[in-house]
Amino acid sequence: MQIAIPTVLDIQYGALEKLEERCLEHGFRTLLLWCDAFTYTEVIPHLQWKHLYVQIEKIEDGKEVSQLAADAYDLASVDAMAACGGGGVIDQGKYAAFLRGLPFISIPTSASNDGFASTTCSLYQQGRRISVPAAVPYAVIADLDVIQHTPEEMLLSGVGDVMSNIPALYDWQFEADAGVGRVHAFAAMLSRNAVNSFIRTPMQDIRHPAFLKELVSALTMSGVSTVISGSTAPISGSEHLLSHALDQEAATPGRHGIQVGTAAYLMCLVHEHRSERLYKVFSRTGFFDWVRAHPLNREDWIRAVEAAPAIKPKRHTYLHEEAWRKKAIHLLETDAVLAELFTP
Ligand SMILES: [Zn+2]
């Protein structure tokens with residue numbers, strides 16, 4: 001079996017200025033570059049192109065998956081495709097490149113989730129978010145000059161997504177013990193190392209270069225672990241099912257990493273496994289402070305716990321068993337730390 005992992009991995013200050021050089025090195029002479037509104041006006045105009053032919057397009061967020069598929073077939077003929085911006089444009093570009101069989105260059109400007117390095121895309125179907133499979137990016141280029149200016153909510157969302165590896169791995173083992181699938185040891189090791197390396201980083205300043213580099217690296221390693229296992233299981237367990245259920249059930253779903261981070265804390269309490277570690281990281285980075293200032297709706301969360309198993313009926317996480325769903329709901333109603341994260 002052959003496993004494709006990203007060929008180019010460039011996480012540093014000034015990485016974007018080297019985009020042309022990287023493309024030419026890998027034999028790409030023509031590039032289709034999708035941008036969101038921010039990168040189209042604030043980032044890409046600063047770049048200069050000498051030998052690379054680049055077609056730059058501004059992409060609207062929230063396009064329906066059927067429209068995206070239709071658009072993909074009308075794309076210009078190019079050597080490679082890139083997307084520069086937040087999760088929305090990255091996921092659209094990744095999917096269009098996948099449909100066209102083009103190498104995809106992922107250039108995230110925020111570190112809000114691990115989607116920029118993973119095989120799946122979060123897209124829209126009838127206005128609701130759904131997960132769609134695609135290929136792993138050929139290159140990940142993360143310019144810390146740009147990521148440094150990401151709003152706090154985005155960075156904290158990235159923190160939530162990295163920390164969710166902890167309950168996800170616990171659920172994966174639980175599922176394997178129940179005879180459903182098996183744990184891929186190498187993928188599990190990558191996911192575990194990503195989060196364990198991250199939690200050793202000083203966290204007083206989430207814009208510190210060392211912190212940003214560690215956050216982006218951890219998210220990248222998490223994304224790559226899904227390529228190796230051939231599923232999202234190493235980084236996505238009950239906490240992600242809960243977030244996906246919220247995306248479908250809640251009147252106004254929140255940001256992915258904020259939802260999965262909070263759900264990760266809840267599930268670690270259910271698992272009675274490493275919740276103190278999540279408490280420390282979420283306290284030190286300001287994750288809990290942010291959620292307290294933007295509280296969640298408890299009724300939505302209780303409904304999402306009940307709806308979570310149906311999101312992936314073939315899996316067997318803790319939330320697939322009624323007793324653990326009851327425990328999760330009981331914690332949502334009684335835990336003192338969680339109480340502060342929800343509207344009274
Ligand atoms: Zn995630």
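Thresholds, definitions, all that
- Residues numbered from 1 in each chain as written.
- Predicted model: local features only at pLDDT ≥ 70, side-chain atom pairs only at ≥ 80, totals over all residues.
- Heavy atoms only, no water.
- Donors = N, O, S within 2.8 Å, 3.2 Å for Na, K, Ca; no water.
- Tetrahedral: all angles 85-135°; square planar, octahedral: opposite > 155°, others 65-115°.
- Buried < 20%, exposed > 50% of the residue type's maximum accessible area, 1.4 Å probe, protein only.
- Helix = DSSP H or I, 4+ residues; strand = E, 2+ residues; numbered from the N terminus.
- Contact = heavy atoms within 4.5 Å.
- Core = buried A, V, L, I, M, F, W, Y, C linked by side-chain atoms within 4.5 Å.
- Domains from an automatic or database assignment.
- Pairing = 2+ DSSP bridges.
- Right-handed = clockwise from strand over helix to strand, strands pointing away.
- Axes fitted to C-alpha atoms, helices over the stretch in contact; angles between N-to-C directions.

Asks: So what exactly am I meant to see when it comes to the coordination of the zinc ion here?
Replies: Six octahedral donors at a metal ideally form angles of 90 or 180 degrees, and four tetrahedral donors ideally form angles of 109.5 degrees. Each protein donor to the zinc ion is listed here as Asp161 (OD), Asp161 (OD), His240 (NE2) and His256 (NE2); together their distances run 2.1 to 2.8 Å. Bound by 4 donor atoms, the zinc ion shows angles of 50 to 146 degrees at the metal and therefore irregular coordination geometry. Here His240 falls in the buried class, since its relative accessible area comes to 5%.

Asks: I keep staring at the environment of Gly257 and nothing clicks. Help me out?
Replies: Within the fold, Gly257 resides in helix H11 (residues 256–271). For Gly257 and Ser243, which are 14 residues apart along the polypeptide, the C-alpha to C-alpha distance reads 8.9 Å. Beyond its immediate sequence surroundings of up to four residues, Gly257 is in contact with Ser112, Ser157, Gly160, Asp161 and Phe287.

Asks: Would you mind going over the nonpolar core with me for this structure?
Replies: The tendency in soluble globular proteins is for nonpolar side chains to be buried side by side. If you look at the biggest cluster of nonpolar residues, it comprises 85 residues, and the most contacted ones within it are Trp34, Met81, Met163, Phe198, Leu215 and Phe282. Among the elements that take part in this core, H11 stands out by supplying 9 residues, more than any other. In this structure, this core is formed jointly by two domains, domain 1 (8–147) and domain 2 (152–339), each of which donates at least three residues. What Met163 contacts, discounting residues up to four positions off in sequence, is Val195, Phe198, Ile199, Ala264, Arg277, Leu278, Val281 and Phe282. Formed by 22 residues, the second largest nonpolar core is a distinct cluster that contains Leu31, Leu33, Ala82 and Cys84.

Asks: In this structure, what is going on with the pairing of strand E4 (residues 80–85)? I would like to understand it.
Replies: On a regular strand, one side chain projects to one face of the sheet and the next to the other, so that they alternate. A large share of E4 lies buried, amounting to 6 of its 6 residues. Because side chains alternate across E4, one face comprises the buried residues Ala80, Ala82 and Cys84, and the other comprises Met81, Ala83 and Gly85, equally buried. Sheet analysis places strand E2 (residues 30–35) next to E4, joined by 5 bridges and oriented parallel. Looking across to E4, one finds that Leu31 is bridged to Ala80. Sheet topology places E4 next to strand E5 (residues 104–108); 5 bridges connect them, and they run parallel. Directly across from Cys84, in E5, lies its bridge partner Ile107. A crossover links E4 with its parallel partner E5, the connecting element being helix H4 (residues 87–100), and its sense is right-handed.

Asks: Teacher, can you tell me more about the sheet that holds E2 here?
Replies: Sheet strands associate in pairs through backbone hydrogen bonding, adopting either a parallel or an antiparallel arrangement. The 6 strands are arranged E1-E8-E5-E4-E2-E3 in an open sheet whose pairing can be described as parallel. Both outer strands of the open sheet, strand E1 (8–12) and strand E3 (53–58), are each paired with one neighbouring strand and no more. Taken over all neighbouring pairs, the strand axes of this sheet differ in orientation by 15 degrees on average, direction set aside. As judged from the 2 bridges shared by E5 and strand E8 (residues 139–143), these two strands associate in the parallel manner. Paired with Ile105 across the bridge in E8 is Ala139. Across the face of the sheet, H4 comes into contact with E2, E4 and E5 while running at roughly 170 degrees to E4. Along the sheet, helix H9 (residues 209–229) contacts E1 and E8; its crossing angle with E1, the most-contacted strand, is approximately 160 degrees.

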